[in-house]
Amino acid sequence: MSQQLTDNFGRRIDYLRLSVTDRCDLRCQYCMPKDFKDFAEPGGWLSYEEITRVVMAFARLGLRHLRITGGEPLVRRDLPILVRELAAIPGIEDISLSSNCTRMEKLARPLAEAGVRRLNVSLDSLRPERYREITGGGKLDKVLRGIEAAREAGMAPIKINTVAMAGFNDDEFDELIDYCAPRGYTLRLIETMPVGETGRKALGSYLDLGKVRKRLARSRGLEPAAMPGAGPARYYRIPGSDTTIGFITPISQHFCETCNRVRLSCEGDIFTCLGDEHRYGLIQPLRDGCSDDELLEHVLAAVRTKPERHEFNENQEKVVRFMSMTGG
Ligand code: SF4
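Notes on the structure follow. Along each chain, numbering runs from 1 in the same order as the chain's sequence is written. Note on the predicted model: pLDDT of at least 70 is required for a residue's local features to be given, and 80 or more for side-chain atom pairs to be given and counted; whole-chain, interface and lining totals, by contrast, use all residues. Here the side-chain values reflect all heavy atoms present in the structure, with hydrogen atoms and water set aside.

## A word on the sheet that holds strand β8 (residues 234-237)
Stage number 1. Read from one edge of the open sheet, 12 strands run β7-β8-β9-β6-β5-β4-β3-β2-β1-β10-β11-β12, paired in mixed fashion. Two strands in the sheet have a free side with no partner beyond their single neighbour: β7 (223-225) and β12 (280-281).
Stage number 2. Pairing of strand β1 (residues 15-19) with strand β10 (residues 261-264) involves 4 bridges; the strand directions are parallel. Bridge pairing in β10 places Leu16 opposite Val262.
Stage number 3. Whether two residues are in contact is decided by their heavy atoms, any of which lying within 4.5 Å being enough. Axis definition: a line fitted to C-alpha atoms, over the contacting stretch in the case of helices. Angles run 0 to 180 degrees between N-to-C directions. Starting at the N terminus, helices and strands are each numbered in turn, a helix being any DSSP run of H or I of at least four residues and a strand any DSSP run of E of at least two. Across the sheet, helix α1 (residues 48-60) touches β1, β2 (65-69), β10 and β11 (269-271), and the angle it forms with β1 is around 170°. When DSSP finds at least two bridges between two strands, those strands are taken to pair.

## Topic: the packing of α1 against helix α10 (residues 292-303)
Stage number 1. Running from amino to carboxyl end, α1 crosses α10 at an angle of 70°, the nearest separation of the two axes being 9 Å. In terms of their interaxial angle, α1 and α10 are classed as roughly perpendicular. Two secondary-structure elements touch here, α1 through Arg53, Val54, Ala57, Phe58 and Arg60 and α10 through Asp292, Asp293, Leu295, Leu296 and Val299.
Stage number 2. Side-chain classes are defined by residue name, with Ala, Val, Leu, Ile, Met, Phe, Trp, Tyr, Cys and Pro counting as nonpolar, Asp, Glu, Lys and Arg as charged, and the others, Gly among them, as polar. Its residues placed into classes, the contact of α1 with α10 shows 6 nonpolar, no polar and 4 charged. Note on terminology: angles under 35 degrees are roughly parallel, angles over 145 are roughly antiparallel, angles of 65 to 115 are roughly perpendicular, and the others are oblique.

## With respect to unusual backbone geometry
The phi angle of most residues is negative, glycine excepted, and most peptide bonds adopt the trans form.
Stage number 1. The amide bond that connects Gly70 to the next residue, Gly71, takes the cis arrangement and shows omega of 10°.
Stage number 2. Within the secondary structure, Gly71 is located in the loop between β2 and α2 (79-87).
Stage number 3. Cis geometry marks the peptide bond from Ala156 to Pro157; its omega dihedral reads -5°.
Stage number 4. Along the chain, Pro157 turns up in the loop between α5 (140-152) and β5 (158-163).
Stage number 5. Even without being glycine, Cys101 reaches a positive phi, approximately 60°.
Stage number 6. Looking at the element boundaries, Cys101 is found in the loop between β3 (94-99) and α3 (104-114).
Stage number 7. Looking at Cys101, the relative accessible area reads 0%, which means it is buried. For every residue, the accessible area obtained with a 1.4 Å probe (protein chains only) is divided by the maximum for its type, and the residue is called buried under 20%, exposed over 50%, and partly exposed between those limits.

## Considerations on the packing of aromatic side chains
Stage number 1. Working definition: rings of Phe, Tyr and Trp (its six-membered ring) pair if their centres are within 6.5 Å, and the pair is stacked with planes under 30 degrees apart, edge-to-face with planes over 60 apart, and tilted otherwise. According to the stated counting rule, one finds 4 aromatic pairs in the structure shown.
Stage number 2. Residues Phe36 and Phe39 carry aromatic rings whose centres are separated by 5.0 Å and whose planes lie at 85° to one another, so their mutual orientation is edge-to-face. Taken as a pair, Phe36 and Phe39 share a single burial class, namely buried.
Stage number 3. An aromatic cluster is defined as three or more aromatic residues linked by ring pairs; in this entry it consists of Phe36, Phe39 and Phe322.
Stage number 4. Put simply, a charge is over a ring when the Lys NZ or the Arg CZ is close to the ring centre, within 6 Å, and near the line of the ring normal, within 35 degrees. For the cation-ring pair, Arg130 lies above Phe168, with the distance from its terminal atom to the ring centre recorded as 5.7 Å.

## Some words on the packing of α2 against α3
How two helices sit against one another is set out by the angle between their axes and by the gap between those axes.
Stage number 1. Relative orientation of the contacting elements α2 and α3 amounts to 15°, with a least axis distance of 8 Å. If you check the angle between α2 and α3, you find them roughly parallel. The handedness of the crossing between α2 and α3 is right-handed. Contacts from Leu79, Pro80, Val83, Arg84 and Ala87 in α2 reach Leu107, Pro110, Leu111, Glu113 and Ala114 in α3. Helix crossings fall into two classes, left-handed where the near helix is turned counterclockwise from the far one by less than a right angle and right-handed where it is turned clockwise.

## Observations concerning the environment of Phe312
Stage number 1. Tracing the chain through its elements places Phe312 in the segment after α10.
Stage number 2. Owing to a relative accessible area of 3%, Phe312 belongs among the buried residues under this scheme.
Stage number 3. The sequence separation of Phe312 and Tyr48 amounts to 264 residues, and the corresponding C-alpha distance is 33 Å.
Stage number 4. Discounting residues that sit within four places of it in the chain, Phe312 has contacts with Met193, Pro194, Val195, Pro250, Ile251, Leu274, Gly275 and Val319.

So, in structure tokens, the structure goes:
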């Protein structure tokens, strides 16, 4: 049965962001507090079999795009096994991954062979000291080798996600473009969001990307462009080159009217909106032995609760959870 998953605002939901863990080996300042330890217990995580069942239910409802996220997804053991299972589900056309690439050097080839096609990398600075500071101790050289390994393993396109922060990395955007251009990567600049206490604190260095785009348009000349993927970025190309730059602007110019996605946490909660705390739990019905049709009804019921848009500008206290809980 191929039925389309549509929310109450007529938006087709064909993209699932799947968080396989809330754990991470980094502590990015705008995401997770340095000393955070209150992680979900592995017993409370969906097993790979349960994740596969949920994704099959979504696929029966027209899901096409799947992004694997975390926390840091590569800290979950045997991830290529899950990817292979998910890639075999009828209807799933595209599996992508969001990672900080600290462990990609070893896992790039097995993940690509299992079915990961596209990669988004969290990288906020190309300066080792700054990178160490923003990530709470990360090693930049390891990450750059990891990205290179992903490219050699055939993952493409590779997008570099940089959270733009005034007074921190806003003097590095040209360097990041010059790092991406010869390697065929796409730089995406992202506005800070009030997700969790850490996200609210990061609003202190909020940068309106509309202004940054205008500056880059003056210095580099930018023309509108398109990129494969189901995400919210608006893309521009540097004329006469293949270099594209993306802007993700949830605060200055939101994109909720065309939203096509929901999120599944590692504990089996469906979050229908990044800007909302409401969650629809699947772990109980799964562990109570629900049938596939019952599971499908739960997914439909969850999507019926999806709000029209976020309230990041109106109510910055609304989202309590940290970004690491569902991934961006
Ligand atoms: S904030 Fe919510 S509605 Fe808006 S694009 Fe993100 S998930 Fe969709």
